Amino acid sequence: MLIKDNTALYWKGERYMFENNFQCGYCGSITSSVQGMSLRNKTNPNDSEQRDDNNGVYICTHCKMPTFLWQDIQVPGLKYGSRVENLPDMIDQVYTEARNAFSSGAYTGVVLLCRKLLMHISVELGAGTNLKFIEYVNYLEDKKHITVRSKDWVDSIRKSGNTSTHEIEIASKEEAERMIKFSEMILKTNFEYPAEFGI
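Residues numbered from 1 in each chain as written. Predicted model: local features only at pLDDT ≥ 70, side-chain atom pairs only at ≥ 80, totals over all residues. Heavy atoms only, no water.

1. Structural notes on the overall build of the protein
Here is the rule we go by: Strands are runs of DSSP state E lasting at least two residues, helices are runs of H or I lasting at least four, and both sets are numbered from the N terminus onward. Contacts between residues were defined by any pair of non-hydrogen atoms, one from each residue, lying within 4.5 Å. To be clear on the numbers: accessible area is Shrake-Rupley with a 1.4 Å probe, and residue cover counts the displayed protein chains and nothing else.
On a plain count of helices and strands, the protein comes out with five helices and eight strands. Secondary structure of the protein in N-to-C order comes out as β-β-β-β-β-β-β-β-α-α-α-α-α. In the protein, the share of contacts with a sequence separation of at least 24, taken over all contacts with a separation of at least 6, comes to 58%. Surface exposure of the protein reaches about 11,800 Å², of which carbon and sulfur atoms provide 50%.

Right, dumping it as structure tokens:
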């Protein structure tokens, strides 16, 4: 049961409900669903129940997974960034974990995962193991795996990662978005695009 503004809300299963448009947090599709469980409003046991329009659990018409929508809350939330093709398994796992962390609002976790992702990318592209983080970054720069104009982005990941690791600070949503955006760019230029063109 959910309590808000002294109003008790509970689930009522049903086949069809008020239509709602949303982007699915699982598959990323834009969907318009009428299936799921609506949230009902019942202020006291003697009142008749009233359907809370467009609030409840909706079933995605594409992947059939449930999404909870209530006012401005959506669970699961949306992943930031795009899926990248042709990634090595471990790199794909770390990148996916960063995007999943974003959808949960774990923005400090996103920053730390993107920092770890740079290390995995460096090793996959030929760097040694057990290096310091700055050595992994230098390797990417020295071997031209990142462009000259991207150096500031990498430095931003380094600084954000240091702050999140060694200081008592919480990363912002905007910071997490920048980290994923840069990670997506470096993954596409080093893995997806070369594979697409047979390089």
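2. Quick look at the nonpolar core
For clarity, the cut-off: What is meant by a nonpolar core is a set of buried Ala, Val, Leu, Ile, Met, Phe, Trp, Tyr and Cys residues, joined one to another through side-chain atoms within 4.5 Å. Relative accessible area decides the class of each residue, using a 1.4 Å probe on protein chains only: under 20% of the type maximum gives buried, over 50% gives exposed, and in between gives partly exposed.
Counting 28 residues, the largest nonpolar core has Ile121 and Leu187 as its most contacted members. Contributions of two or more residues to this core are made by helix 1 (89-103), helix 2 (107-124), helix 3 (133-142) and helix 5 (173-196). Residue contacts for Ile121: discarding those within four places in its chain leaves Ile91, Leu140, Ile186, Leu187 and Phe191.

3. Some details on the side chain of Asn20
With respect to the helices and strands, Asn20 occurs in strand 3 (residues 20-23). Contacts of Asn20, omitting those with residues within four sequence positions, involve Thr31, Ser32, Ser33, Asn54, Tyr58 and Leu69.

4. A short note on the packing of helix 2 against helix 3
Filter applied, for reference: Only the stretch in contact is used when a helix axis is fitted, and all axes are lines through C-alpha atoms; the angle between N-to-C directions ranges over 0 to 180 degrees. Angle categories: roughly parallel below 35 degrees, roughly antiparallel above 145, roughly perpendicular from 65 to 115, and oblique for all the rest. Two helices crossing with the near one rotated counterclockwise from the far one by less than a right angle form a left-handed crossing, whereas a clockwise rotation gives a right-handed crossing. Under the grouping applied here, Gly and all other residues not named as nonpolar or charged are polar, the nonpolar ones being Ala, Val, Leu, Ile, Met, Phe, Trp, Tyr, Cys and Pro and the charged ones Asp, Glu, Lys and Arg.
Contact geometry of helix 2 with helix 3 gives a least axis separation of 9 Å together with a crossing angle of 55°. Classified by the interaxial angle, the pair formed by helix 2 and helix 3 is oblique. Remark: the crossing between helix 2 and helix 3 carries left-handed chirality. Counted together, Arg115, Leu118, Met119, Ile121, Ser122 and Val123 of helix 2 and Phe133, Tyr136, Tyr139 and Leu140 of helix 3 form the full contact between these two elements. A class-by-class count of the residues in the contact of helix 2 with helix 3 yields eight nonpolar, one polar and one charged.

5. Quick notes on the packing of aromatic side chains
How we decide: Centres within 6.5 Å make a pair out of two Phe, Tyr or Trp rings, where for Trp the six-membered ring is used; the pair is then stacked when the planes are under 30 degrees apart, edge-to-face when over 60, and tilted otherwise. Consider the ring centre and the ring normal. A charge sits over the ring if Lys NZ or Arg CZ is within 6 Å of that centre and within 35 degrees of that normal.
Counted under the stated rule, the structure contains three aromatic pairs. One aromatic cluster in this structure is built from Tyr80, Phe102 and Tyr107. A cation sits over an aromatic face here: Arg115 above Phe133, 4.1 Å from the ring centre.

6. Concerning the pairing of strand 7 (residues 66-70)
Test applied: Any two strands with at least two DSSP bridges between them are considered paired.
The element strand 7 is largely enclosed, with a buried count of four among its five residues. Pairing analysis gives three bridges linking strand 7 to strand 8 (residues 73-75), with the strands arranged antiparallel. Of the residues in strand 8, the one forming a bridge with Trp70 is Ile73. What sits between the antiparallel neighbours strand 7 and strand 8 is a turn of two residues, in which Gln71 has the positive phi angle 55°.

7. Observations regarding the environment of Ser150
With respect to the element layout, Ser150 can be found in the loop between helix 3 and helix 4 (151-166). Considered as a pair, Ser150 and Ile186 are 36 residues apart in the sequence and their alpha carbons are 9.1 Å apart.

8. Side note on the pattern of salt bridges
Threshold: Every case where a carboxyl oxygen of Asp or Glu lies within 4 Å of a side-chain nitrogen of Lys or Arg is listed as a salt bridge.
Using the criterion set out here, one finds three salt bridges in the structure. Between Glu85 and Arg83 there is a salt bridge, with the nearest N and O atoms lying 4.0 Å from each other. What makes Arg83 partly exposed here is its relative accessible area of 49%. Residue Arg83 is joined to Asp92 by a salt bridge in which the shortest nitrogen-to-oxygen separation is 3.4 Å.

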